[in-house]
Structures are given as C-alpha cells and as structure tokens.
Amino acid sequence: KPARPPVAVAPRRVPQQVTWPARYTLDEGVRSRLDATQLRAVDASGVPVLAPREPSVFAQVTVVSKPTWFTVTLKDGAYAEELLAQREKRAAPATGGLSVFVQGNRLAHDHPHIPPTPGRQRVRGLPAWITQNEAIWSATWTENGVSYVVEVECSRPDDARCANEEVLVDIAESLVFV
C-alpha cells in the first residue's frame, strides 16, 4: 500500500469577523453595577462581553480581557464562606459554592479535516453544545462571530444546582451584552 500523507491534527487559529452589538443594546443597568476596574476590562475587550443580568447576586466578580478574548468569573457568597471555613478549620456552610465562568473568543480553532457540526441544543436561540465533564456543566455556541462558553461548577457534589443543566441554561439565557 502507498503511504498516506500525514494529516495535520493541530488546529489553525483563525480570527473571526466580529459583529458588535449596537451601543443601545448594551445593558446599562448591568454596566452600572460593575465597579471601575471591571468596567475598564469590559471596555478594553476585543470581543463583545456577555455577563449575567444580575451580577450583584455573586459575592465575587472578576473580568479579564485581551484583544481576542474575555472571561468573566463569578463566585457566590457560599463559595467564599466555604473557603474561609476550610482556612479556619470549621464546618462548611449548609450550601456549597457556585462558580460561573463566561468566556468569549474570536479565534476559531480550525481543523481542516473535521467538518463543523452544529450543536444539538439551543442557547440564546442559537445551536449550542451542552456537556458535563468532571461535574462541570458547559454550554458553548457562536454568536456575532464570537465563540462563547459558559461553565457552572458546584463545590459540592450533592449541590442540586449541578444535578442537571437547568442552572447552566438559565444563566446562559440571562446573559446580556455589557
């Protein structure tokens, strides 16, 4: 048999054309609840930033942005209380902590030998993939030329919020452009 030519398995990173939402569609209410550092990171992002409609329900919100991506990390008060309890060697709170990660990236990873496959579920009215790995729920979809992912992680395996994808989908559907 003749030798087959090698197949490149490493993806190519291909910048995507981003369609920015109109300024009037940005959620000014959410923007007003971000502190100055968070707002600077949002405004410096090279891609449209999505954030939950009610970021104030989380005790800790961190926004990091670069020219091709952003990430918003949100942790609830129980998460912070759980860390403090571990440090002080005392009982953890009755409910576990919830962590939410929202990320957007305008660089597509192109695998020329693999055709694109649309997601089987829908998030924000768009085809999406919803998966669970290592007890972390993830939803990923493409919107305005940006690949978005939302991940939800519970610090305790018995936390009902991570029993299925409902909380993940609720959070993804609550996202607004800021």
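Residues numbered from 1 in each chain as written. Predicted model: local features only at pLDDT ≥ 70, side-chain atom pairs only at ≥ 80, totals over all residues. Heavy atoms only, no water.

1. A closer look at the state of the cysteines
Okay, step 1: In this structure the tally under the stated criterion is 1 disulfide.
Okay, step 2: Across the disulfide from Cys154 sits Cys162; the S-S distance is 2.1 Å. Disulfide Cys154-Cys162: torsion about the S-S bond near 85°, hence right-handed.
Okay, step 3: Of the residues examined, Cys154 reaches a relative accessible area of 10% and is grouped as buried.
Okay, step 4: A residue is classified by how much of its surface remains accessible, and Cys162, at 11% relative accessible area, is buried. (Disulfide = S-S within 2.5 Å. Buried < 20%, exposed > 50% of the residue type's maximum accessible area, 1.4 Å probe, protein only.)

2. Some words on the sheet that holds strand 7 (residues 121-123)
Okay, step 1: With antiparallel pairing, the 7 strands of this open sheet are ordered in space as 3-4-5-10-9-8-7. The sheet is open, and its two borders are formed by strand 3 (60-65) and strand 7, each paired with just one other strand. Here the average twist between neighbouring strands, direction ignored, is 25°.
Okay, step 2: Pairing analysis gives 6 bridges linking strand 8 (residues 126-133) to strand 9 (residues 136-143), with the strands arranged antiparallel. Note that in strand 9 the partner of Ile130 across the bridge is Ala139.
Okay, step 3: The sheet strands contacting helix 4 (residues 166-174) are strand 5 (98-105), strand 7, strand 8, strand 9 and strand 10 (146-154), and the helix crosses strand 10 at an angle near 140°. (Pairing = 2+ DSSP bridges. Helix = DSSP H or I, 4+ residues; strand = E, 2+ residues; numbered from the N terminus. Axes fitted to C-alpha atoms, helices over the stretch in contact; angles between N-to-C directions. Contact = heavy atoms within 4.5 Å.)

3. A closer look at the confidence of the model for the protein
Okay, step 1: Averaged over every residue, the pLDDT of the protein is 88; residues scoring 70 or more account for 86%.
Okay, step 2: Mean pLDDT in the protein bottoms out at helix 3 (residues 77-87), which sits at 62, and peaks at strand 8, which reaches 98. (pLDDT = per-residue confidence, 0-100.)

4. A closer look at the packing of aromatic side chains
Okay, step 1: For the structure on display, the rule yields 2 aromatic pairs.
Okay, step 2: When the centroid spacing of 6.1 Å and the interplanar angle of 55° are considered together, the rings of Phe70 and Tyr148 count as tilted. Pair noted here: Phe70 is in strand 4 (residues 69-75) and Tyr148 is in strand 10, with a separation of 78 residues, a long-range link.
Okay, step 3: Overall, Phe70 belongs to the buried group, its relative accessible area being 1%.
Okay, step 4: Using a relative accessible area of 1% as the deciding quantity, one classes Tyr148 as buried.
Okay, step 5: An angle of 25° between the planes, with centres 5.8 Å apart, marks the rings of Trp141 and Tyr148 as stacked. Like Tyr148, Trp141 is buried.
Okay, step 6: Taken together, the aromatic side chains of Phe70, Trp141 and Tyr148 make up a single cluster linked through ring pairs.
Okay, step 7: Geometry around Phe177 places Arg124 over its ring, the cationic atom sitting 5.6 Å from the centre. (Phe/Tyr/Trp six-rings, centres within 6.5 Å; stacked < 30°, edge-to-face > 60°. Lys NZ or Arg CZ within 6 Å of the ring centre and 35° of its normal.)

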